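Single-letter residue listing:
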Amino acid sequence: MVPAGAGVRAALGPRSAVFLEALRYFLARPATTEDVPLVLGFRLGF
């Protein structure tokens, strides 16, 4: 299994941002299901 991912981030201010990440697992043999988790979040800086 080899994990690979990507993400984007958009700044909302000098210390705050929102982000979206995706992760995919590449398997060495065929699988009957696939899972691609997406994470959406935000960071608040004070």
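To start, this report covers the structure provided alongside it.

What counts, and where the lines are drawn
- Residues numbered from 1 in each chain as written.
- Predicted model: local features only at pLDDT ≥ 70, side-chain atom pairs only at ≥ 80, totals over all residues.
- Heavy atoms only, no water.
- Buried < 20%, exposed > 50% of the residue type's maximum accessible area, 1.4 Å probe, protein only.
- Helix = DSSP H or I, 4+ residues; strand = E, 2+ residues; numbered from the N terminus.
- Pairing = 2+ DSSP bridges.
- Axes fitted to C-alpha atoms, helices over the stretch in contact; angles between N-to-C directions.

A separate point is the pairing of strand β1 (residues 2-11). Note on strand geometry: in a regular strand, side chains alternate between the two faces of the sheet. Of all the 10 residues making up β1, 0 are buried; the element is thus mostly uncovered. In the sheet, β1 pairs with strand β2 (residues 17-26) via 10 bridges, with the strands oriented antiparallel. Residue pairing across strands places Gly7 opposite Glu21, the latter belonging to β2. Hairpin connection, β1 to β2: the antiparallel pair is bridged by 5 residues.

Strands in a sheet are paired, the pairing made by backbone hydrogen bonds, and the direction either parallel or antiparallel. Spatial ordering of the open sheet is given by β1-β2-β3, a layout of 3 strands whose pairing is antiparallel. Each edge of the open sheet carries a strand with a single partner, namely β1 and β3 (38-43). Strand-to-strand twist in this sheet, taken as the mean axis angle between neighbours without regard to direction, amounts to 20°. In the sheet, β2 pairs with β3 via 6 bridges, with the strands oriented antiparallel. Along β3, the bridge assignment pairs Val18 with Phe42.

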